[in-house]
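# Structural characterization, general
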Amino acid sequence: MRARWALRIGLALVLLLALILAGGGLWLYRAIRQPFPPIRGELRLPGLRAPVTVIRDRWGVPHIYASNLHDLFMAQGFVHAQDRFGQMEFWRHIGTGRLSEMLGRTTLNQDRFIRTLGWNRAAQQDLERLGPEEREILEAYAAGVNAYLAQNGGRLPLEFTLFRLFGRRWEIEPWQPLHTVAWAKVMAWDLGGNWDDELLNARIVEKIGAERLKEIVLPYPAERPVIVPSPTARVLEETMAALLDLGRSLRALTLGEARDVGSNNWVVAGSKSVTGKPLLANDPHLSIQMPSIWYEVALHCQPVTPECPLNVAGASFPGVPGVVIGHNDRIAWGVTNLGPDVQDLYLERVNPQNPLEVEFQGKWEPVRVVTEVIRVAGQTEPVVLSVRITRHGPVINDVVEALTRTQILYAFRWTALEPSVIVRALLRLNRARNWEEFREALRDWDVPGQNFVYADVDGHIGYQATGRVPIRAKGNGLLPVPGWTGEYEWIGYVPYEEMPWRLDPPEGFIVTANNAVVDARYPHFLAAVWDYGDRAQRITDLLRAKERLSVEDMAAIQNDTFSLAAQAIVPYLLAVPLEDPTAREAQALLRGWDFRATPERPAPTIFEAFLQHLLHETWVDELGEEVVKELLTGGSHNRYWARWALARPDLGWWDDRRTPERETREDIVRRAFLQAVAELKGRLGPDPRTWAWGKVHTATFTHGTLGRSGIRPVEALFNRGPYPAPGTNAAVNNIGFNVQRGFTVRSLPSLRFIASTAHWSESRFIHTTGQSGLPYHPHYDDFIPMWLRGEYHPMLWAREEVEREAEGILVLRP
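How each quantity is defined
Residues numbered from 1 in each chain as written. Predicted model: local features only at pLDDT ≥ 70, side-chain atom pairs only at ≥ 80, totals over all residues. Heavy atoms only, no water. Salt bridge = Lys/Arg side-chain N within 4 Å of Asp/Glu carboxyl O. Buried < 20%, exposed > 50% of the residue type's maximum accessible area, 1.4 Å probe, protein only. Axes fitted to C-alpha atoms, helices over the stretch in contact; angles between N-to-C directions. Helix = DSSP H or I, 4+ residues; strand = E, 2+ residues; numbered from the N terminus. Parallel < 35°, antiparallel > 145°, perpendicular 65-115°, else oblique. Contact = heavy atoms within 4.5 Å. Nonpolar A, V, L, I, M, F, W, Y, C, P; charged D, E, K, R; others polar. Pairing = 2+ DSSP bridges. 1 Å grid on protein atoms, 1.4 Å probe; cavity = no way out; pocket = protein on both sides within 12 Å on 5 of 7 lines; lining within 4 Å. Points joined across faces, edges and corners; volume = space filled by probe spheres on them. Left-handed = near helix turned anticlockwise from the far one by under 90°. Polar contact = N/O pair within 3.5 Å; in protein donor to acceptor, adjacent residues only side chain to side chain. pLDDT = per-residue confidence, 0-100.

### Looking at the pattern of salt bridges
Opposite charge on two side chains makes pairing possible when the charged atoms of those side chains draw close. Inspection of every chain in the model, using the stated rule, returns 53 salt bridges. A salt bridge links R58 to E805, with the shortest nitrogen-to-oxygen separation between them at 2.7 Å. Given the relative accessible area of 47%, R58 is considered partly exposed. In this structure, R212 and E215 form a salt bridge, with 3.3 Å as the shortest nitrogen-oxygen distance. One salt-bridge network, in which partners are shared between bridges, spans R538, D560, D594, R596, E600 and R601.

Structure follows, in structure tokens:
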């Protein structure tokens, strides 16, 4: 009897558990599915002035047709929110320094730093400078986002449901134009500084002296391309010790770990194109993330009139109206990071009698104080922050732990904290019809500084450098300077008319890849350090290799994995005799390598491991482990430095000063290779033929919020990967990696775009993940395999093509 009762109880418990699991599964299924947006039929959207048609093609790209600009941008805001509101909510909290309202104390340091710099204050002053037309567009866009919130308050994306389940609740506020403008500050921070380089240079100088810094930070190679060739500094020793205290505390405040963000773009004239018209290509390199930073969209005024002139398609930022990279019916454009030096740290001397005064040219000046209130999830009382601001900018001592102990104040000057009208530039760019209007639109593209390439249907190609670049009375911006003397003030900005530009160059193409924009004869200082030019050189070589180039050729170049660094470095390794049989086998694999970094090949793994050990063994005896660890995170610099050093057998760096012997170049190359082989043998097994690059060079697309929750089942809902990835640092297919994490991908071509001005419908596009930010939506991750394989989808242009490929047609009515 007891056994029978036990069996019944056991069966009942199993049934109860099954019901619980089934109920939980049903709840999760509903939580995942309920935010999926309607894409067919009709919806009422109060605030519209006329009906709007949204046709989503089979890749999830919305093509929006409206009869007036207000409705066009309102519909864009609505569509952005339908697919990406979770991302938009996260981003607006970053841009305004309010992440802690969502994520609690874990992001308090980031909020304190952002609020001290004043991204929110700067965004507000930018908003106030915009004209009536730009403000009306921002208001229309915000109205579209808010219409989505009004209709979907109870059906928000999955992350909101899970946050509430975990006890995280915050008010979902109406979208405001300020939230759009603040995102420009985030991108300016990611693309516009030399912060980490200054810190690292200071540590190096502390180790080896200022004179030898030039042995590490090498000048741009003379043989590498310059974007706009000309037609025809001193380090402050007294600031070193203070800078060294900054260290990792500042690095931890950045919004991503990728230091090798960059980009490629180029444009080819009709004289070199199979169509007889220009071709343009662009692939910006940014941090890996989920969902993609980009959202593809097409905005069509129908009919096109002077009052409604837009007819544009390409990549947009969720949260921002318009198209950032793309084409309209007349012109195409693409961007890469210019990388100008637009940040300076000033040392401020405080009045010992009054801590709210600092010295300037022999007189005491008052320090302005601004109060910032930061609300923190899970905490009743807010954090109150008093921000001191000198004539040079906000004082960062109170938000950088290492600086709280020093009597010297550090004021941060940055062009993005000064009034900007980049939103105006973006909207004017979208409607530009020719080279003159394109250049005039970019006059207002003040931050971040970018390299724009241009092509039009009339056959012109061009280049324009943008950005507000300071002219310094003294110094080169490499290290902090005294703020009290007045010697190092910014005395103006490089005039837009004097920023580098080109139109229809005789060689028939223009290439930019974060390489040097100008040579030493250019009259203004833009930056002390550029990318060292491997990508620019390889693209240039491939463009010159054919008389006529096609869209397919552009795609092949974007996905090229050839390593110029490996081609130059491997011969030195092959010349070294080895006794260890595994090392000899690995060496033989390098001997037969064609220098392409594809996932199935072991040679890239062997080369990259060797390169890291070579640099480590060359530097560590003089610079120490901590500095070398920072240096090893670099990309093109390290490859160029290794090439430079290997070509100099008598270089002092080859001797290991920790030993009594004097080591030679061959000794260090052999030691580094044996270390690399031992590392890979322990990690991947004894057979070098199995050390495939794709086993270690893997891409995991991690969600911005819950993708790093530490709860594996939750992370599995949002993250995708790991996937074997092609490419490598400084290849054209520049898929950068983190050496400290075993070559896992940290940055990548965030989109690939090819424009054909002969036939816009022959243009191609892909970004990394998918159009949707909603997990398990069909368009959440459908781009990933295409992107990994180097594939694209066609950029549909004519309405009949869009309708033929339609996945859904949604009519929005007032």
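### Points about the packing of helix α4 (residues 108-117) against helix α5 (residues 119-129)
Axes are the key here: two packed helices are described by the angle between their axes and the distance separating the axes. One way to put it is that α4 packs onto α5 with a least axis distance of 5 Å and a crossing angle of 40°. Judged by the inter-axis angle, α4 sits oblique to α5. Residues I114, R115, T116 and L117 of α4 form the contact with α5, whose participating residues are W119, N120 and R121. Here the contact of α4 with α5 is composed, by residue class, of 3 nonpolar, 2 polar and 2 charged.

### Considerations on the sheet that holds strand β10 (residues 343-348)
Read across the open sheet, the 3 strands follow the order β17-β10-β21; overall the sheet is mixed. With one partner strand each, in any of the chains shown, β17 (409-414) and β21 (481-482) form the two edges of the open sheet. Strand direction decides the pairing type here: β10 and β17, joined by 6 bridges, are antiparallel. Across the sheet, residue E348 finds its bridge partner in β17, namely L409.

### Notes on empty space enclosed by the protein
Looking at the largest cavity, its volume works out to about 340 Å³. In terms of lining, the largest cavity is formed by 24 residues, of which the most central are M187, F317, V324, I422 and W445. For the lining of the largest cavity, the elements supplying multiple residues, two or more each, are α8 (177-191), β4 (262-268), β5 (279-287), β9 (331-337) and α12 (422-431). Broken down by element, the residue count for the lining of the largest cavity peaks at 5 residues, all from α8. Class assignment for the residues of the lining of the largest cavity results in 17 nonpolar, 7 polar and no charged. In this model, the second largest cavity occupies a volume close to 50 Å³. Lining the second largest cavity, in full, are D344, Y346, R472, K474, G475, N476, G477, L479, V481 and Y488. Broken down by class, the residue content of the lining of the second largest cavity amounts to 4 nonpolar, 3 polar and 3 charged.

### A look at the packing of helix α16 (residues 564-574) against helix α17 (residues 581-591)
Where α16 meets α17, the closest approach of the two axes is 10 Å, and the angle between their N-to-C directions is 140°. In terms of axis orientation, α16 runs oblique to α17. Note on packing geometry: the crossing formed by α16 with α17 is left-handed. Only Q587, L590 and R591 of α17 make contact with α16, whose side of the interface consists of V570, L573 and L574. Of the residues contributing to the contact of α16 with α17, the split by class is 4 nonpolar, 1 polar and 1 charged.

### Some points on the side chain of D531
The topology assignment puts D531 in the loop between β24 (509-512) and α14 (534-544). Here D531 falls in the buried class, since its relative accessible area comes to 15%. Side-chain polar atoms of D531 contact the side chain of R535, separated by 3.2 Å. There is a polar contact of 3.2 Å between the side chain of D531 and the side chain of S636.

### Focus: the confidence of the model for the protein chain
When pLDDT drops low, the exact placement of atoms in the prediction is not to be read closely. Scored by pLDDT, the protein chain comes out at a mean of 90, with 91% of its residues at no less than 70. Predicted confidence is poor over residues 232-255, with pLDDT under 50, and the contacts of this stretch with residues over four places away or in other chains come to 60 contacts.

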